[in-house]
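# Descriptive structure summary
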Amino acid sequence: MARRIHGCTVGSGWPAAGLIAMLLILLNGCGERAWNAPYPASEAKSNTLYSSFSERPKHLDPARSYAANEYAFIAQIYEPPLQYHFLKRPYQLVPLAAEKVPEPLFLDQAGNPLPDDAPVADVAFSDYEIHIKPGMRYQPHPALAKDDAGVYRYHQLTEEAVERFNTLADFPHTGTREATAEDFIYQIKRLANPRLHSPIASIMAEYIVGFSEFASELTAAGDNGGFIDLRQYRMAGVTQLDRYRFKVRLRGKYPQFVYWLAMTFFAPMPWEADLFYSQPGLDKRNISLNWYPIGTGPFMLAENNPNLRMVLARNPHFHGEAYPLQGEPEDGENGMLDDAGKALPLIDKAVYSLEQEVIPRWNKFLQGYYDTSGVSSDSFDQAVKFGSGGEANLTDEMLERNIKLATAVETSIFYLGFNMADPVIGGDSEENRYLRQAISIAVNFEEYISIFLNGRGVVAHGPLPLGIFGSREGPEGINPVVFDIEKGKPRRKSLQEARALMAKAGYPNGKSIRTGRPLVLNYESASAGPDSKAQLNWMRKQLKQLGIQLVIRATDYNRFQEKLRKGTGQLFMFGWNADYPDPENFLFLLYGPNGKVEHAGENAVNYDNPEFNALFDQMKNMENSPERQEIIDRMVDILRHDAPWIWGFYPKAFSLYHDWYGNVKPNLMANNTLKYKRIDPATRNARQQAWNPPVVWPLVLLVLVLMASTVPAMLVYRRHERSAAR
Amino acid sequence: MIAYIVRRILYAIPILIGVNILTFVLFFVVNSPDDMARMNLGMKRVTPEAIENWKAERGYDKPLLFNSASQGVGQVTDTIFFQKSLKLFQFDFGTSDSDRDIGYDISQRMWPSLAIAVPVLLIGLLVNITYALLIAFFRATYIDIWSVVLCVVMMSISGLFYIIGGQYLVSKLLHLMPISGYDTGFAAVKFLILPVLIGVVGGIGSGTRWYRTLFLEEINRDYVRTARAKGLSEGIVLFRHVLKNAMIPILTGVVVVLPLLFMGSLITESFFGIPGLGSYTIDAINRQDFAIVRAMVFLGSVLYIIGLLLTDISYTLVDPRVRLS
Amino acid sequence: MMGGLVILWTDALVFLLLFFSVAFAVYAARREHLRGPWRQVVRSRVGVSTLVILSFYVVIGLLDSIHFEPQFSPDQQTGAQVQSSEVYSLFDRLVQPLRVRQEKTYSAPLATHLYAKENIEQPDGTVIRDFPRLQYGGAHLADPERDWAQDIMRLSLIGLIKGLVVTLVMANILFALLAARRSGGFAGAAKEVLSGKSDIPWRSVLITLGLLLMVLFWAVELSGRYHLLGTDKVGEDVFYQALKSIRTGLLIGTLTTLVMLPAAILLGIMAGYFRGWVDDLIQYTYTTLNSIPGVLLIAAAILMLQIYMSNHADEFNSLVERADLRLLFLCIILGVTSWTGLCRLLRGEAMKLREVDYVQAAVAFGVGHFQIILRHILPNVLHIVMITVVLDFSGLVLAEAVLSYVNIGVDPTMNSWGNMINSARLEMAREPVVWWSLMAAMIFMFTLVLSANLFSDVVRDAFDPRLRSSR
């Protein structure tokens, strides 16, 4: 009996450890791949890019998708008429699906052409004629599969027939066809379809002729949930000229329209796909246009499992595109033009794994399992150090691993908004303006950037991020309300000055003259991350310097939004990410008629200054010119004086990448840059093995210790048995 | 026996209705249809008309519980509660904020959850019972006392620490296993070892202590004394008598938790990036996707009730006297 | 400087709990079936040692539960006393320096420099990148590299000696007290205690107390000049945070049981005593509640509270009040998810007691149900209630950490070990690792939970006669 018990002790101890060791060896093969590699050994040498995504996309339908994490996928799949040049700066539009960037033709009310320099008031319509490239074909897709007789195979599916299909890949037959002007028009009609809730429907309705009428016509026709053949309905402003040409007519002058043409909203969509996905039963299996795109681009979605990973693979029918031949002068030195003229895409596959936690993501990057990584603020010190002039450099540890760094100031802004509809903090009264200015001085965003972003941001002096037309760098770009200029550099005004402003505002030492009670302000916050506590504490600390007590009202995002909508908040932090590189896209956030409370617009602080509004109307439709710059300067001065926002910061994107990952140049407007990227899989695999040698001795030690510990136990057992027998 | 089971199943129905009403009230107070529309439609450029449209399209423009505008039965059936909540009984969970069918996602995500939960349960059971038997064998010696202290120490460490520490040690320092991730098929084993190991180690403290108590209770019974008096060795006594008899509470304890294994472990799954139901729930809570949370509440309740049912049945199977009551 | 007293909801409940505990102690002292086991508890070495540690935590928790509004000095213009809407506790006042002395960002335990390099402008205008000196930690040192180790040693030694002296004084007072109560004189009492022969293991008490006091004085000495456990991301003292978290942990562990007790006892006994439809209804209620996964119920409840608070924002003027209400609500909802276990136990026990002779006799004499429950059933189930309360405590403290991880725990601005661990998740990815927040939270939590677990073992062994024989 002694044996059996002994066996049992051991059973839970060292064989378990031994078993794990054996399993590990079995799973990893011998020397093929590092043990902790999260990918199969067979993929070790393939021309695949590995990256991660932290939040699963919500919509992959080009008519609905409007978020960066969704563009990461669909911008590689769908091809709108235009794109941003990969290398050239400032950002420049170049053709993608179109043959050339369309020039608007201005018309008067009667439809007669006007010269290009006609006054804005005279322009009643502008026509954009878009020529698309012939020979663009869709990725293989069951919706396009035809049988020998030329009849679509999968357009008459029944619920029973669908039972067999779990993913799109389960359909045995696929087909393709050429994308035509009709498909582009079909997609514009989809934008108007009320059922799809396209986020840009409202703005397009303002400009495209016949857009709203089209939507109401669809609504009137009734919606039974099934397929609606949009080809049956006409949109007045969109006409097909021939197989490869179509025309869009806009109301008035809208120079920003070309920017929209570079977004996936305007990519071609075959009607077959719409019909295919509307068949019964497919929705239940998540087979919908929202999850399975169909595009003409360089890649197609080969594996769609947003719970685990998304895999993009080369589209075999891709019409071909060449790597740009020209770039900025420094691009040649940086090796950005080494692949000039080569056929795109340069990689075969891209694997995006779902990675929600920061720690694993960062560690996997360091171990070489992700080719690129953003830098979270907590791994920052490990990766980046600043030189004596404040420039960012990599640490020795990173350099040792040949890791490289790319930085760029993002075209977005984070700001602290004062609700201008609030009686205490908002409004046009002189006192409240002093109060806002005082707080603007006290909230030290330089410190915020250094603590929470490790310097990955630039303090904002106005609403326009650097690189957007109208923003100014150097001394004239400094906000004189918050900063003094010292040797041409900004220096935040002292707290004394802020306190003086507080006194002028009627709150000496933070106490109201009228009531004698300290000023209490509310700060709305929707943040709920590990970092939020520190951030909220920091914010309180800032206002305390002026004697203001900040009450944090932490809540969830829905509630936060509701407060903005109803205008019941006082202070809040918010941000905006540019849709296109034009100052209009930022200044409209402060345009009175866009007020959130009254007009449900994007002006979250409900700022409404008639002078500013008038200037905005004037500036909005102008071409970039010195006159436009002048108007913008005046607008920015008004804003700085009124201080409806504390101009927070423009975030700086720092991304790290390994040396086997080539052609990295941050491009904040273009989303379809995957096709330019290059991978050297052999180097990668060698590095991964060198960096991740398995350390087995602790395992061995554990086995030994467990074995050794059974000896005294056995001795005691023997003694016990003997004494029991006696 | 069958009549008994049928009676128990019938008893479950009012409970499920209760759960349903409770969750409906909780979640629709928290999350109005307006909020749902906003979450679904995204953040930028959402107009009030779009929200009204969205609600009308999905039937969220109806009153919550009572529709005074309708006629007859319609007053009750033409409401959000009737249309949305009662569908749960057909396991029709509707769609999430990201327009995915929840039922389909659940059916896909329960397998990874099981792949962690089942090994943790089985291996944990084996390890804990073995240790508990050993401790029971050495009862009232220093080994016993210190083992119990060790168990208490292990119990007192937060589970989060086991996970953070385990990942740091095994993956980052020793390079033995991937830090996180998952794969389909056999390749998943590589990703499962570490979370299973941590799950087992984290459970040793409380598990071993609990089984030790069970064994000690059995050891003090008369039949064990008799067996020992017959001159049987301690090992045989422990194995043949004590373990066999303690198996009844052990197994019924396991049966209760069996159905809940489907729900997965919230923390482990999200730390290790395993696409199971636990991380599904956590994500849903964080993104406030209440359709998913509601579906998971309902699923959890159903599974809990099944667990109770199984326990009752297993009791009657093990001990026929119970059936009489 | 002390202003008006502020009684938060949880404070009120804490003192209610304290009152009940004292009342129960007085009640138990007069009843042998409750007093006997307790006597056994205080005669166990583990029992008294953990009791010392637990009372240490409780004292801090209680000090931290007396809140007041600090008053500003008279206003220049009006001359009136002005109250701020911020609230401090007595404990905050005691450790004022810890709270006020904030650095800019991370610094390691006992460090003199920040943990991150920064651009420092030299007097001559050049900028170098180095670790800046801390504003407070080790600020008294002229040359940290030379003096630091020596200074730490000196302060540690002073602290330890102070702790030892206080322990010796307390030991002598104890001996004197013991000597006064029985014959044998001072020396006799001292001998009895030190040789471990006294009834109550005073020696264990003294050792634990001595160790605690030494650690305490050591901490006091060092944290006066340094940040004993470093600082967090915004430069708050981690030691202070860990100490403040004690109240949160204790509250979650005790208030949860307190708020659920009345319902659990009443319903449990009613179900067991009345049987029939009352039993069915109560069973239905708790099965339904129990079948909803706890975490999800908590998530829904916390979100509901947030909505309530944003709709009634004016009722919550200070941060502390908001956090307090959320804590209370968390306790209640945790109570709702955990009361069913006790309820079921009590139901079973009441069912058994109902059949006992004297209860049957009382029924036969026509004594009212209420009387029977109060006189005969309730006193006989009290020990079960107590064991449950003690046993649940540590589980609840641990649960708080997990809930904070899912963001449905206490308010993010509240100090709690869960929030500390939650923030530490990101810190573990830093290189070099910022380990002190995690460690501080873990050690404080571990000590509390371990003591509570060991203590509850002793209590259960003492009260549960079935297991008593097996030890």
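Residues numbered from 1 in each chain as written. Chains lettered and ligands numbered in written order. Predicted model: local features only at pLDDT ≥ 70, side-chain atom pairs only at ≥ 80, totals over all residues. Heavy atoms only, no water.

### Here we look at the sheet that holds strand 1 (residues 5-6) of chain C
If you walk across this open sheet you meet the three strands as 1-2-3 (chain C), and the pairing is antiparallel. Looking at which strands have only one partner, the edges of the open sheet turn out to be strand 1 and strand 3 (88-89) of chain C. (Pairing = 2+ DSSP bridges. Helix = DSSP H or I, 4+ residues; strand = E, 2+ residues; numbered from the N terminus.)

### A look at the confidence of the model for chain C
Residue and element names in this part refer to chain C. In the predicted model, chain C carries a mean pLDDT of 82, and the fraction of residues at 70 or more is 91%. The least confident element of chain C is helix 17 (residues 465-468), whose mean pLDDT is 50; the most confident is helix 3 (residues 45-63), at 91. Long-range and interchain partners of residues 467-471, a stretch whose pLDDT sits below 50, account for nine contacts in this model, where long-range means more than four residues apart. (pLDDT = per-residue confidence, 0-100. Contact = heavy atoms within 4.5 Å.)

### Points about the pairing of strand 18 (residues 489-492) of chain A
Consecutive side chains along a regular strand alternate between the two faces of the sheet. Residue and element names in this part refer to chain A. Relative to strand 18, strand 17 (residues 483-486) runs antiparallel, the two sharing four bridges. Looking at strand 18, one finds that F483 is bridged to R492. Linking strand 17 to strand 18, which pair antiparallel, is a turn of two residues; within it K487 sits at a positive phi near 50°.

### Some thoughts on unusual backbone geometry
Where the residue is not glycine, phi is negative for most of them; where a peptide bond is considered, it is trans in most cases. All names here are of chain A. Between L344 and P345 the backbone carries a cis peptide bond, its omega angle lying at -5°. By the secondary structure assignment, P345 is in the loop between helix 10 (329-333) and strand 10 (349-354). Positive phi values are uncommon outside glycine, yet N606 reaches one of about 60°. The topology assignment puts N606 in the loop between helix 20 (596-599) and helix 21 (610-620). Look at A643: it is not a glycine, yet its phi comes out positive at around 50°. If you trace the backbone, A643 turns up in the loop between helix 22 (626-642) and strand 22 (645-657). Under the relative-accessibility criterion, A643 is labelled buried at 3%. (Buried < 20%, exposed > 50% of the residue type's maximum accessible area, 1.4 Å probe, protein only.)

### Observations regarding the environment of W260 of chain A
Residue and element names in this part refer to chain A. Relative to the elements of secondary structure, W260 occurs in helix 8 (residues 257-260). Expressed as a C-alpha distance, the spacing of W260 and S54, which sit 206 residues apart in the sequence, is 27 Å. Side chain to side chain, W260 and Y254 meet in a polar contact 2.9 Å long. (Polar contact = N/O pair within 3.5 Å; in protein donor to acceptor, adjacent residues only side chain to side chain.)

### Considering a negative patch on the surface
A grouping of E103, D116, D117 and E623 of chain A is seen on the molecular surface, where their side chains present a negatively charged patch. Position of D116 of chain A among the secondary structure elements: in the loop between strand 4 (104-107) and strand 5 (125-131). (Patch = residues over 30% accessible without salt bridge, like charges linked within 9 Å, V, L, I, M, F, W, Y side chains within 5 Å. Areas by Shrake-Rupley, 256 points an atom, 1.4 Å probe, with all protein chains shown as cover. Salt bridge = Lys/Arg side-chain N within 4 Å of Asp/Glu carboxyl O. Lys, Arg positive; Asp, Glu negative; His and termini not counted. Charge placed at Lys NZ, Arg CZ, Asp CG, Glu CD.)

### Thoughts on the sheet that holds strand 7 (residues 245-251) of chain A
Each strand in a sheet pairs with its neighbour through backbone hydrogen bonds, running either in the same direction (parallel) or in the opposite one (antiparallel). Residue and element names in this part refer to chain A. Pairing is antiparallel across the open sheet formed by four strands, whose spatial order is 4-5-7-6. Unpaired on one side and paired on the other, strand 4 and strand 6 (238-242) mark the two borders of the sheet. Across this sheet, the average inter-strand angle for adjacent strands is 25°, counted without regard to direction. As paired strands, strand 4 and strand 5 are joined by four bridges and run antiparallel to one another. Counterpart to P104 in the pairing with strand 5 is Y128. With respect to the sheet, helix 5 (residues 181-192) is in contact with strand 6 and strand 7, its orientation differing from that of strand 6 by roughly 175°. (Axes fitted to C-alpha atoms, helices over the stretch in contact; angles between N-to-C directions.)

### With respect to the confidence of the model for chain B
The predicted model of chain B has a mean per-residue pLDDT of 81, with 94% of residues at 70 or higher. Per-residue pLDDT, averaged within each element of chain B, yields its smallest value for helix 4 (residues 74-77) of chain B (70) and its largest for helix 6 (residues 102-137) of chain B (89).

### Quick look at the interface of chain B and chain A
Each partner contributes to the interface: chain B provides 67 residues, whereas chain A provides 73 residues. Between chain B and chain A, the buried area comes to about 6600 Å², and carbon and sulfur atoms account for 55% of it. Between chain B and chain A we count two salt bridges in total. As a salt-bridge pair, K284 of chain A and D101 of chain B come within 3.6 Å of each other at their nearest N and O atoms. Our count for the contact surface shared by chain B and chain A stands at 10 residue pairs in polar contact (both at pLDDT 80 or more). Only helix 2 (33-41), helix 3 (48-58), helix 6, helix 8 (159-173), helix 9 (189-219), helix 11 (234-257), helix 12 (266-272) and helix 13 (277-287) of chain B provide two or more residues apiece to the side of chain B that touches chain A. If you tally residues by element for the side of chain B that touches chain A, the top one is helix 6 of chain B, at eight residues. For the side of chain B that touches chain A, a count of residues per class yields 32 nonpolar, 17 polar and 18 charged. (Buried area = accessible area lost by both parts, 1.4 Å probe. Nonpolar A, V, L, I, M, F, W, Y, C, P; charged D, E, K, R; others polar.)

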